[in-house]
There are 2 protein chains.
Amino acid sequence: MATIRDVARLAGVSVATVSRVLNQNGYVNKETEQKVIRAIEQLRYEPNAVARGLAGKQTGTIALILPDITNPFFPEMARGVEDAAQAQGYTVILCNSDDQGQKEKSYIEMLRKKYIDGIIFASNTLGQEDVEQMRSNNIPLVVLDRAPTRQLCSVIRSQNYEGAKLAVRHLLDVGCRKIAHIYGPQELITAKKRLLGYEETVMHFPWYTPSLMVPGHFRVDGGFDAVKELLKRHPDVDGIFCGNDLMAVGALKALYQLGVRVPEDVALIGFDGIGLTELTQPELSTVAQPIYEMGVLAAKVLMETIETGVMEPRLYELEVTLVARESTKRRAEA
Amino acid sequence: MATIRDVARLAGVSVATVSRVLNQNGYVNKETEQKVIRAIEQLRYEPNAVARGLAGKQTGTIALILPDITNPFFPEMARGVEDAAQAQGYTVILCNSDDQGQKEKSYIEMLRKKYIDGIIFASNTLGQEDVEQMRSNNIPLVVLDRAPTRQLCSVIRSQNYEGAKLAVRHLLDVGCRKIAHIYGPQELITAKKRLLGYEETVMHFPWYTPSLMVPGHFRVDGGFDAVKELLKRHPDVDGIFCGNDLMAVGALKALYQLGVRVPEDVALIGFDGIGLTELTQPELSTVAQPIYEMGVLAAKVLMETIETGVMEPRLYELEVTLVARESTKRRAEA
């Protein structure tokens, strides 16, 4: 493989001159530039990424830190990030944080030493001081599903509040008269906004009572347990809005075990729009986030920040869509 | 951040000497070494990964090339790779090849320029010439689910043939008297071995006929379509072995639509052991590969190759396990 020295020798110039041509900085006269370019072409010289990283230029590598790639929400997002990155010649380092702050910190440390160009955070435990540290280290950063308080970097998320209202109104539209909510961890902005959307839509109904809200931890088993608790408290519930699809899958299993028919006895809807909702029996209605597009957008915003050097914190709030499937298909329209 | 020059200045030695201490090559007397080490500690100097990459040392980065992270088989494997890598201070670059040879080649090219330490291939279209090219470029390589013909690198796979026999014998054990097979793409060693295991187990039965084998392309919709075709050909089929779990999920949906009860009318079993099989109704029996462990092993074998510099091609064939669930729980034991 040709080195920069080979190029310099063939072009009859110094290594510094070749470097100036490559990095397009400093003055090089046209004729010399042409000689260097011809030598580069002739030798098929490729300035390597590691050397560029050392010179403080970009390495063309970004990191994606997410809680767990085996959670069915994240592969589609990761795919979006990777497709957008690959299209611009970037590679993506995958990091599973398990939402452990300590693991995240050690990743950031490891990535800093490798001169990563930037980080996409889809993990939940990123602290304010981590953001500030990365900012002081000049590491471009894009985060997903975060509140915009003291916003130091771009944030991408979906309309969680509006989506929850869509879900609950859909249940009302198909004739539900007592609607429960299985909610996710309230320290997460996504879970919090969805619960708020539920509460504000139903609080004026005579049947509403706070005990219609049960925690399900955003997990399949959490949704399963929540349904058992919920139907003990309120055997007359006829509609359930789950704060994410994984909990809806668990809820569906519990309802089946209890001999409760979906959608005839209880109509069921989730949130997220993961592929799994099309594979259950019956198929699950959901409020779909544009998961793949969120990944694409995160990568594009990050790469723009890296390439322009301008970190301008912006908030992107993407639209959600009601996807009505069998699990809410009831004969009795209200 | 301190540079190697700062360390040299503080220790009162040359940069070359610091480099010799860092890389533990060449002669440095004890006293000088101590001075350098003290300077390193005092300045909290961290030799950076990019510089190590440039010097021909390891960058601590490996790549995982797989067909598509949104295929539910791969997140668990990727998680295994990443966990094992992270435990040894390596980072993992994720590449989705979509099984397109051209995309793989462009990845390999991109990775080569970034001085990646090694590659794990879980993709299907890696050609013999790609393997040879990587070998000639001295890029350590581990592949998954490959045949060991002209084996130039380590191969990790499961007992596909034995697993298929396990599945079919299980269907026989629960009383099935006419067993069909939905198979995957026959250019894949996994699909081929599983079909062979089916054929050799059933070929001596009087009911056996080749039209009991239907292609399902390893996809959900493929399994769905295959069942419809199969039951047209053989309405009396009472057991189906699907070559992977995704096809079994599709088969289950088709059976439900046709009003065929699982397991009462038809017992159904898949292959792989992905998490999805626990979420369907009824839960799916399957032959489980140790997917996570395959990822861990691939990473460990690769890192060992990187660190020892010894590329000794070995074949690892991991055991599979029969997981009997509701979809094969029939009253009538044969």
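Refer to the structure above for everything that follows.
Here's a quick rundown of the structure. (Residues numbered from 1 in each chain as written. Chains lettered and ligands numbered in written order. Predicted model: local features only at pLDDT ≥ 70, side-chain atom pairs only at ≥ 80, totals over all residues. Heavy atoms only, no water.)

## Quick notes on the overall build of chain A
Argument step 1. Helix and strand counts for chain A stand at 12 helices and 12 strands.
Argument step 2. Taking 2.2 N^0.38 as the reference for a compact globule, 334 residues should give roughly 20 Å; the C-alpha atoms of chain A span a radius of gyration of 26 Å, well beyond that estimate.
Argument step 3. Principal-axis analysis of the C-alpha atoms places the extent of chain A at approximately 85 × 35 × 30 Å.
Argument step 4. By the burial criterion, 57% of the 334 residues in chain A qualify as buried. (Helix = DSSP H or I, 4+ residues; strand = E, 2+ residues; numbered from the N terminus. Rg over C-alpha atoms; globule rule 2.2 N^0.38 Å. Buried < 20%, exposed > 50% of the residue type's maximum accessible area, 1.4 Å probe, protein only.)

## Considerations on the relation of the copies chain B and chain A
Argument step 1. It takes a turn of 179° to lay chain B on chain A, together with a shift of 0.0 Å along the axis; the resulting RMSD is 0.3 Å. Such values leave the two copies arranged in the relation of a two-fold axis. Within chain B, the C-alpha atom positioned nearest to the axis of rotation is that of Ile93 of chain B, 2.1 Å from it.
Argument step 2. The fraction of interface residues of chain B whose copies in chain A are also interface residues reaches 100%, indicating that both copies meet through the same surface. (Least-squares fit on C-alpha atoms with pLDDT ≥ 70 in both. Contact = heavy atoms within 4.5 Å.)

## Some words on the sheet that holds strand β9 (residues 267-272) of chain B
Residue and element names in this part refer to chain B.
Argument step 1. Read across the sheet, six strands follow the order β7-β6-β8-β9-β10-β12 without closing on themselves; strand pairing throughout is mixed. The sheet terminates laterally at β7 (213-215) and β12 (321-323), the two strands that pair on one side only. Between one strand axis and the next, the sheet turns by 20° as a mean value, whatever way the strands run.
Argument step 2. Two strands pair when backbone bridges link them, and strand β10 (residues 285-288) and β12 are joined in this way by three bridges, in the antiparallel orientation. Bridging from a neighbouring strand, Val287 pairs with Leu322 of β12.
Argument step 3. Across the sheet, helix α8 (residues 160-173) is in contact with β6 (179-183), β8 (239-242), β9, β10 and β12; its angle to β9 comes to roughly 165°. (Pairing = 2+ DSSP bridges. Axes fitted to C-alpha atoms, helices over the stretch in contact; angles between N-to-C directions.)

## Quick look at the layout of surface pockets
Think of a ball as big as a water molecule: rolled over the atoms, this probe shows where empty space is left.
Argument step 1. By volume, the second largest pocket is sized at about 720 Å³.
Argument step 2. Secondary-structure elements contributing two or more residues to the lining of the second largest pocket are α11 (245-257) of chain A together with α11 (245-257) of chain B.
Argument step 3. Partitioning the lining of the second largest pocket into residue classes produces 18 nonpolar, six polar and nine charged. (1 Å grid on protein atoms, 1.4 Å probe; cavity = no way out; pocket = protein on both sides within 12 Å on 5 of 7 lines; lining within 4 Å. Points joined across faces, edges and corners; volume = space filled by probe spheres on them. Nonpolar A, V, L, I, M, F, W, Y, C, P; charged D, E, K, R; others polar.)

## Considerations on the interface of chain B and chain A
Argument step 1. Listed per partner, the contact involves 51 residues of chain B and 51 residues of chain A.
Argument step 2. Roughly 4300 Å² is buried in total at the junction of chain B and chain A, and carbon and sulfur atoms are behind 60% of that figure.
Argument step 3. Applying the counting criterion to the chain B and chain A interface returns six salt bridges.
Argument step 4. A salt bridge links Asp98 of chain A to Arg79 of chain B; its shortest N-O distance comes to 2.6 Å.
Argument step 5. For the pair chain B and chain A, the interface holds 16 residue pairs in polar contact (both at pLDDT 80 or more). (Buried area = accessible area lost by both parts, 1.4 Å probe. Salt bridge = Lys/Arg side-chain N within 4 Å of Asp/Glu carboxyl O. Polar contact = N/O pair within 3.5 Å; in protein donor to acceptor, adjacent residues only side chain to side chain.)

## What to know about the pairing of β9 of chain B
Residue and element names in this part refer to chain B.
Argument step 1. For β9, a buried count of six out of six residues is recorded, marking the element as mostly surrounded by other parts of the structure.
Argument step 2. Judged by which residues are buried, β9 turns out to be covered on both faces: Ala267, Ile269 and Phe271 on one side and Leu268, Gly270 and Asp272 on the other are all buried.
Argument step 3. The sheet contact formed by β8 and β9 spans three bridges and is parallel. Bridge assignment links Ile240 to a residue of β9, and that residue is Leu268.
Argument step 4. One crossover worth recording links β8 to the parallel β9 by way of α11, and it is right-handed. (Right-handed = clockwise from strand over helix to strand, strands pointing away.)

## Let's talk about the packing of helix α5 (residues 74-87) of chain B against helix α12 (residues 291-308) of chain B
Residues and elements named next belong to chain B.
Argument step 1. Between α5 and α12, the least distance of the axes is 7 Å, while the angle of their chain directions is 40°. Taken as axis vectors, α5 and α12 run oblique relative to one another. Relative to α12, the crossing made by α5 is right-handed. Facing Glu76, Met77, Arg79, Gly80, Val81, Asp83, Ala84 and Ala85 of α5, the residues of α12 in contact are Ile291, Tyr292, Met294, Gly295, Val296, Ala299, Lys300 and Met303.
Argument step 2. Counted by class, the contact of α5 with α12 contains 10 nonpolar, two polar and four charged residues. (Parallel < 35°, antiparallel > 145°, perpendicular 65-115°, else oblique. Left-handed = near helix turned anticlockwise from the far one by under 90°.)

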